[in-house]
Amino acid sequence: MPSALPTRDRLINSARYLFWERGFAGTSMADLLAHADVNSGSFYHFFESKEALLREVLQGYLHALRPMVVDPAFAQTDDPVERIFAILAGYRGRILQTDCKYGCPLGRLALEIDPENRPAHKLIAENFQGWIGAVRECIDQIKPRLPKGTDPEALATYVPAVMEGGVMISRSYGSVDPFDRAVKQLRQHFALLLTPQKSALASTKKSKSKH
């Protein structure tokens, strides 16, 4: 960890990396201090506990979601559906960059952190809601084209559920193929949702042209 960074930042960066690599429980205080190159006195000057540091890491993920994940993906295209898949392509890139060892940090923490640790889970849920909200923006733009009765929030939630599952299985398989298959099926799901509306519109136009 570069010593030029302020001590507090070194601790947060080390925690972010170690919690992702080893998990929260698998990261000891000794691991954190050694990786950040700080002593215990410095740690407790900034954080009252490892749990407090975890909450800071989760806050960081929440603040970084838009500028680091969503905005770069949205900048690639104006098409709402393609924006969703641009976000997913970013996660595919992370899988490949880590030789299929990538695991979503939020997904790992959501499974590992004790359910009784409500402050941490509240922040994890807020992170997931930020993800869902970004997808919901895209779905709201195509809502007139979706079948009547489609639940936009449920559809927006389905997207990160597919992503999390795809990332997890790809990590276990040591291959990006499961992620690709999951995303391909998700794309087909969107196509099926949108196609009937187009067909219905075409039929309506054809009917009107006969009169």
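Read on for a plain summary of the structure. (Residues numbered from 1 in each chain as written. Predicted model: local features only at pLDDT ≥ 70, side-chain atom pairs only at ≥ 80, totals over all residues. Heavy atoms only, no water.)

**A word on the packing of helix 7 (residues 118–142) against helix 8 (residues 152–173)**
Note the following rule: Between N-to-C directions, angles span 0 to 180 degrees; the directions come from axes that are lines fitted to C-alpha atoms, helices contributing only their stretch in contact. For the purposes of this entry, the term helix denotes a DSSP run of H or I that reaches at least four residues, the term strand denotes a run of E that reaches at least two, and both are numbered from the N terminus. When describing relative orientation, an angle under 35 degrees is termed roughly parallel and one over 145 degrees roughly antiparallel, while 65 to 115 degrees is termed roughly perpendicular and anything else oblique. In this scheme the handedness of a crossing depends on how the near helix is turned from the far one: anticlockwise by less than a right angle means left-handed, clockwise means right-handed. Throughout, a residue-residue contact means that at least one pair of heavy atoms, one from each residue, lies within 4.5 Å.
Running from N to C, helix 7 and helix 8 point in directions that differ by 125°, and their axes come no closer than 8 Å. By the angle class used here, helix 7 and helix 8 are oblique. Where helix 7 crosses over helix 8, the handedness of that crossing is right-handed. Listed contacts from helix 8 to F128, Q129, W131, I132, V135, R136, I139 and D140 of helix 7 are P152, E153, L155, A156, T157, V159, P160, M163 and E164.

**Focus on the nonpolar core**
We apply this condition: Residues belong to one nonpolar core when they are buried, are Ala, Val, Leu, Ile, Met, Phe, Trp, Tyr or Cys, and are joined through side-chain atoms within 4.5 Å. Per-residue accessibility, obtained with a 1.4 Å probe over protein chains only, is compared with the maximum for each type, and a residue is labelled buried under 20%, exposed over 50%, and partly exposed between these values.
Counting residues in hydrophobic clusters, the biggest one holds 61 residues, and the most contacted among them are L58, L88, W131, F179 and F190. Elements with a contribution of two residues or more to this core: helix 1 (7–22), helix 2 (29–36), helix 4 (50–74), helix 5 (80–97), helix 6 (105–112), helix 7, helix 8 and helix 9 (177–210). Residue contributions to this core peak at 11 residues, all from helix 4. Those residues in contact with F190, other than ones at most four positions away along the chain, are I84, F85, I139, I142, L155 and V159.

**Here's the deal with the environment of P115**
Structurally, P115 can be placed in the loop between helix 6 and helix 7. Sequence-wise, P115 and A86 are 29 residues apart; in three dimensions their C-alpha atoms are separated by 32 Å.

**Describing the layout of surface pockets**
Filter applied, for reference: Site definitions follow a grid-based scheme: protein atoms alone, a 1 Å grid, a 1.4 Å probe that fits but cannot get out for cavities, and for pockets an open set with protein on both sides within 12 Å along at least five of seven lines, plus lining residues having an atom within 4 Å of a point. Grid points are joined across faces, edges and corners, and a volume is the space filled by probe spheres set on the points.
In this structure, the largest pocket occupies an estimated 530 Å³ of space. If you trace the largest pocket, you find 19 residues lining it, with Y61, V69, R94, Y102 and P105 closest to the centre. Those elements that provide at least two residues to the lining of the largest pocket are helix 1, helix 4, helix 5, helix 6, helix 7 and helix 8. Here the lining of the largest pocket takes 6 residues from helix 4, the largest share from any one element.

**Quick word on helix 1**
The criterion, for reference: Multiplying 1.5 Å by the residue count of a helix minus one yields the expected span of that helix.
The first and last C-alpha atoms of helix 1 sit 22 Å apart over 16 residues, in line with the 22 Å expected at 1.5 Å per residue. Three or more residues of helix 1 are buried, namely R10, L11, I12, S14, A15, L18 and F19. Structurally, helix 1 contributes buried residues whose contacts are with helix 2, helix 3 (40–46), helix 4 and helix 6.

**Topic: unusual backbone geometry**
Positioned with a positive phi, D37 is a non-glycine residue whose angle comes to about 60°. Tracing the backbone through its elements, the reader meets D37 in the loop between helix 2 and helix 3. Although it is not a glycine, D99 adopts a positive phi angle of roughly 55°. Checked against the element boundaries, D99 lands in the loop between helix 5 and helix 6.

**Digging into the state of the cysteines**
Rules: Only a pair of cysteine sulfur atoms within 2.5 Å counts as a disulfide in this structure description.
A complete count under the given rule lists 0 disulfides for this structure. For the unlinked cysteine C100, the closest cysteine sulfur is that of C104, found at 16 Å.

**Comments concerning the packing of helix 5 against helix 8**
Quick reminder of the rule: Here the nonpolar group is Ala, Val, Leu, Ile, Met, Phe, Trp, Tyr, Cys and Pro; Asp, Glu, Lys and Arg are the charged ones; every other residue, Gly included, is treated as polar.
Following both chains from N to C, one finds helix 5 and helix 8 inclined at 15°, their axes separated by 11 Å at the closest point. In terms of their interaxial angle, helix 5 and helix 8 are classed as roughly parallel. Helix-helix and strand crossings are classified by hand; for helix 5 and helix 8 the assignment is right-handed. On helix 8, the residues that touch I84, L88, Y91 and I95 of helix 5 are V159, M163, V167 and S170. Tallied by class, residues from the contact of helix 5 with helix 8 come to 7 nonpolar, 1 polar and no charged.

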